[in-house]
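# Examining the three-dimensional arrangement
Spelled out from the first residue to the last, the chains are:
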Amino acid sequence: MNDKFFALPTEKQNKIINAGFKVFSHNTYKKSPVNEIALEAGISKSLLFFYFKNKKELYIFLLKKVEEITKKTLAEAGINESDDIFEMMYKGLIIKAKMMKDYPDMGKFSINAYYEKDPDVVNEVHEIIAPYTKINTNPTIANLDISKFKEGINLRLMYQDMYLASEGYMWRMQQMDKIDIDKVVKDYREIIDFWKSLYLK
């Protein structure tokens, strides 16, 4: 990748990044036209290839960008510092909502990339996403006060259930043409409160 891309103002970088997210999120890798990405970004195709030598380099850059943005945002929010698993998950949703505002198509792009099978990129994609494909029990589980929960609750299964439900909800929201972030946050607050009534004494 040409270092001149990183010399661009952040606003222009994000415009190109969001253009890539948008086009790749609506098509497979093979069927995503580079000229459409350039058009969405407001630049010429030749200029896009000046920043990225080919479509594959752009695609892999975008996937790594998802990883970078997510890690940075979660770290800044101190997402794993709470010992309240319900509020931690709600806080995580707020963080995702913020990312959706800044990068509206990043979630859809991530899902598409997860299922991408094109031989040109599949190996690189698998290498990037492999560490995130396993559902691990959150370390917060070990710090929970079990006396606050209803008798017989399996905390690990509870967390897995909430995690999968959260991911499913976010996936459904991301399928909409226009996401109402405020509604997402409100709905998830209600879901969190329901879980509290279900699992806590």
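In this report, the structure presented in the accompanying data block is examined. From a predicted model like this one, the values you see are computed outputs, not experimental measurements. (Residues numbered from 1 in each chain as written. Predicted model: local features only at pLDDT ≥ 70, side-chain atom pairs only at ≥ 80, totals over all residues. Heavy atoms only, no water.)

This next bit is on the packing of aromatic side chains. In this structure the tally under the stated criterion is 19 aromatic pairs. Taken together, a centroid distance of 5.2 Å and an interplanar angle of 50 degrees make the contact between Phe52 and Phe61 tilted. Each member of the pair Phe52 and Phe61 is classed as buried. An aromatic cluster is present here, built from Phe5, Phe6, Phe50, Tyr51, Phe52 and Phe61 joined pairwise through their rings. (Phe/Tyr/Trp six-rings, centres within 6.5 Å; stacked < 30°, edge-to-face > 60°. Buried < 20%, exposed > 50% of the residue type's maximum accessible area, 1.4 Å probe, protein only.)

Moving on: the pattern of salt bridges. Tallying each qualifying case throughout the model produces 9 salt bridges. Glu67 is the salt-bridge partner of Lys71, the closest N and O atoms lying 3.7 Å from each other. In this pair, Lys71 and Glu67 are both assigned in helix 5 (residues 55–77), 4 residues apart and thus about one turn of the helix distant. On the basis of relative accessibility, which here comes to 24%, the residue Glu67 falls in the partly exposed class. Salt bridges sharing partners connect three or more residues here, namely Glu87, Arg189, Asp193 and Lys196. (Salt bridge = Lys/Arg side-chain N within 4 Å of Asp/Glu carboxyl O. Helix = DSSP H or I, 4+ residues; strand = E, 2+ residues; numbered from the N terminus.)

As for its position among the elements, Ala130 is in the loop between helix 8 (122–129) and helix 9 (155–174). For the pair Ala130 and Tyr114, spaced 16 residues apart in the sequence, the C-alpha separation amounts to 9.6 Å.

Time to look at helix 10 (residues 181–199). The terminal C-alpha atoms of helix 10 lie 27 Å apart, and with 19 residues this matches the ideal 27 Å at 1.5 Å per residue to within 8%. Listing the buried residues of helix 10 in full gives Ile181, Val184, Val185, Asp187, Tyr188, Ile192, Trp195 and Tyr199. Buried positions in helix 10, seen along its axis, are confined to an arc of 165 degrees and lie on one side of it. Exposed and facing more than 90 degrees away from the buried side of helix 10 are Asp182, Lys186 and Phe194. (Expected span 1.5 Å × (residues − 1). Arc of directions from axis to C-beta.)

On to helix 6 (residues 85–102), then. For helix 6, spanning 18 residues, the distance from its first C-alpha to its last is 26 Å, which sits close to the expected 26 Å at 1.5 Å a residue. Turning to helix 6, its buried residues number three or more, namely Ile85, Phe86, Met88, Met89, Tyr90, Gly92, Leu93, Ile95, Ala97, Met99 and Met100. Where helix 6 begins, the capping side chain belongs to Asp84, and its oxygen is found 3.0 Å from the backbone nitrogen of Phe86. (Polar contact = N/O pair within 3.5 Å; in protein donor to acceptor, adjacent residues only side chain to side chain.)

If you trace the backbone, Ala97 turns up in helix 6. Exposure remark for Ala97: the relative accessible area of 4% places this residue in the buried category. Separated by 73 residues in sequence, Ala97 and Met170 have C-alpha atoms that sit 9.4 Å apart. Each residue touching Ala97, except ones within four places of it in the same chain, is listed here: Ile181 and Val185. (Contact = heavy atoms within 4.5 Å.)

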